[in-house]
Structures are given as C-alpha cells and as structure tokens.
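Descriptive structure summary
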Amino acid sequence: MENVIEISGLNKKYENFQLSDVSMNIPRGCVAGFIGLNGAGKTTTIRTMLGLSKKDGGTIKLLGRDIDEDEKGIKDEIGVVFDEGYLYESLKMREMKSIVANAYTHWDEATYARLMERFGLREEQGISTLSKGMKMKFALALALSHNAKLLIMDEPTSGLDPLVRKELLDILAKFMEKGGEGVFYSSHITSDLEKFADVIVFIDDGEIVLVEDKDYLLDSHVLVKGDNKFLNNENRKYFIDLHEGEYGFSGVTNRRSVLEESIPDLVCEKVDIETLMLAYVQGGRPND
C-alpha cells in the first residue's frame, strides 16, 4: 500500500532538545494519532515535516513526493491546523480568509461558506473575540476549503469541551469518507484517538518508540496483576513497566503468554492508550 507520509532518519537539533532519527510510514487512507508527553517532540516533528523548521538531516515525503523537491505543490494539497499562534488576532475572519485563500490554487469558496454556516461563524467577527472552540472551527474551515488531500494537525482538540471535540472528529471522519488520503494529528487526549485513529505513532524524548496499528497495539498489550512471590529475574524482563506493592504487583506487558506460564492465577486486564504511553515512558522501550 502506498504511504501518505514517509519520514526516514529525520534529525533536528536545538540547544536543549533534538529529534533523533525519526522515521515513520503512514499508509494512505489512515488516520494517525501522534502521542507523547509534553516536550516529547510532537510539535517539533510536525513543524519540521512541514518545512516550518529546517531539518538537519533525513527525508520527508508527503503524498508520495519529497518536500525538498516540491514544497509548494505539496503544501497546496495539505490542510494544516495548529493549536494556536497562526491566526492573526487583529483581523476579522473575512480578512484572514482572504490571506489564506490567495495561498491556494484550488480554493473553494462554496465549501468555505458551507463550513462557516455549519459552524455558526460570522465573517465580520474579529478573531480576537472568538472562543477557543470557535477559533478551532474557523481554522478547520480554512484547512478544508481548498480540496486538501492530507490534514496535519497539532493538538486540534486541546482545551475544547467534549461536544466540540466530537464535532471536530465527526468532520474529520467525513473528510476521510469523501476521499481524504490521510489525517495526521497530535493529541494528548488519548480517548479521542481510541475512537478515531487507525495508527498510533508514539514519540518520547525526540525518538519514535513505536508506529503501530491501534487495534493490534491494544490487543497485544495487557495490564497484569499477581502475587509478588512468583516474580523472578527471568520473568521480570517481560514487563514493559512493573510496580511491586505490599499486596502484589501490577505491570504492562506484550508477552502475556510467556508470563502466564510462570505466574499462576495471573489476572489480565485491557489497557488504554494512555496507560500504554505511560508504561513505555516509565518502564522502557518495546520488548522483542
């Protein structure tokens, strides 16, 4: 299957932080959720992907083309939404739209008008007067009004109430249903990703920990609990993260069958994405 995003050996160094050999392949037709703790490198990765920060090394292909060879053409087919900082607060929405529309070859005024009506937004209203939810809806209207094939978003649901988040996810689902080739978005609201994402990309301290099908990831990992007396140096190595307490142990593993052989009466529970992320941050990297 062709990939909508291909990144290989991406490096970007700052004084106190760096992306180290970031690599990922996201198949066409997928929604990829990009997760990691604050400061892990999500925004830096996205900005570098888009050429907003100059990379120090590596290759970036979006929609099958190298960003270094066709940056203008690629950006003409990408919709971008950031959490904050790129809407001019001093302008009215009508003025901001004029700036954005002129940057795209295939701007669709009818689509824009329809989205503005759906979101209940009035063009004459000043951007500085909008709530966070309304700003996000306006940013999404801009991103979806030039026939974009790929959406790249950085924390689009941050600070939004559950109803607005649901509306945004519904719109993204319709984008994919109508022929969108991919969505790549970072979020710290992992419950949204469990409902909507096909692939999970996890970054920690500037390095990619895993890129995996979401359903496989959740099915292959479990939270296990049992009696401390059955732990030993051999089976401890099969835990990604392990906590031993007065009344027993609990830990996350992707080696359930191996642990069941050595630990009697092992209790196994499903995990969510947040539990997995914290386990890998606190305990280490994936087991082979």
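So, here's what we can say about the structure. (Residues numbered from 1 in each chain as written. Predicted model: local features only at pLDDT ≥ 70, side-chain atom pairs only at ≥ 80, totals over all residues. Heavy atoms only, no water.)

Attention now goes to the packing of helix α5 (residues 132-143) against helix α6 (residues 162-177). Where α5 contacts α6, the axes come no closer than 11 Å and their chain directions differ by 10°. Here α5 lies roughly parallel to α6, going by the angle between them. Contacts between α5 and α6 pair G133, M136, K137 and L140 from the former with V164, E167, L168, I171 and L172 from the latter. (Axes fitted to C-alpha atoms, helices over the stretch in contact; angles between N-to-C directions. Helix = DSSP H or I, 4+ residues; strand = E, 2+ residues; numbered from the N terminus. Parallel < 35°, antiparallel > 145°, perpendicular 65-115°, else oblique. Contact = heavy atoms within 4.5 Å.)

A few words now on the packing of aromatic side chains. Under the definition given, this model contains five aromatic pairs. Note on F34 and F184: the rings are 5.1 Å apart at their centroids and 40° apart in plane angle, and the pair reads as tilted. In this pair, F34 sits in strand β3 (residues 30-35) while F184 sits in strand β8 (residues 182-186), placing the two residues 150 residues apart along the sequence. Among the residues examined, F34 registers a relative accessible area of 0% and is labelled buried. Just above the ring of Y14 sits the side chain of K12; from NZ or CZ to the centre is 5.1 Å. (Phe/Tyr/Trp six-rings, centres within 6.5 Å; stacked < 30°, edge-to-face > 60°. Buried < 20%, exposed > 50% of the residue type's maximum accessible area, 1.4 Å probe, protein only. Lys NZ or Arg CZ within 6 Å of the ring centre and 35° of its normal.)

Take the nonpolar core next. Ranked by internal contacts, the top residues of the largest apolar core, which has 56 residues, are F138, L140, L172 and V183. Grouped together as the second largest cluster of nonpolar side chains are 29 residues, L10, V22, L63 and F82 included. (Core = buried A, V, L, I, M, F, W, Y, C linked by side-chain atoms within 4.5 Å.)

Here six strands make up an open sheet; going across it, the order is β6-β7-β8-β3-β9-β10 and the pairing mixed. Across the chains shown, the open sheet's two edge strands, defined by having one partner strand only, are β6 (78-82) and β10 (207-213). Going from strand to strand, the sheet's axes swing by 15° on average, the running direction of each strand aside. Pairing analysis gives five bridges linking β3 to β8, with the strands arranged parallel. When the bridges of β8 are listed, G33 appears paired with Y185. Of the strands in this sheet, β6 and β7 (150-154) are in contact with α5, which crosses β6 at around 165°. Across the face of the sheet, α6 comes into contact with β3, β7 and β8 while running at roughly 150° to β8. (Pairing = 2+ DSSP bridges.)

Taken in spatial order, the four strands of this open sheet run β2-β1-β4-β5, and their pairing is antiparallel. Two strands in the sheet have a free side with no partner beyond their single neighbour: β2 (18-27) and β5 (65-66). The pairing of strand β4 (residues 57-62) with β5 spans two bridges and is classified as antiparallel. In the strand pairing of β5, K61 is matched with D66.

We now examine the environment of D170. Along the chain, D170 turns up in helix α6. Judged by relative accessible area, D170 falls into the partly exposed class, the value being 31%. Sequence separation of D170 and F196 is 26 residues, and the distance between their C-alpha atoms is 9.2 Å.

Moving on, we come to the side chain of S20. Summarising the element assignment, S20 is placed in strand β2. Side chain to side chain, S20 and Q18 meet in a polar contact 3.3 Å long. Other than its neighbours up to four places away in sequence, S20 contacts L10, N11, G206 and E207. (Polar contact = N/O pair within 3.5 Å; in protein donor to acceptor, adjacent residues only side chain to side chain.)

Here we come to the environment of D83. Mapped onto the secondary structure, D83 falls in the loop between β6 and α3 (93-101). Put simply, D83 and T157 are 74 residues apart on the chain and 7.8 Å apart in space, counted from C-alpha to C-alpha. In this structure, D83 is in contact with K132, M136, D154, E155 and S158, ignoring residues within four places of it in sequence.

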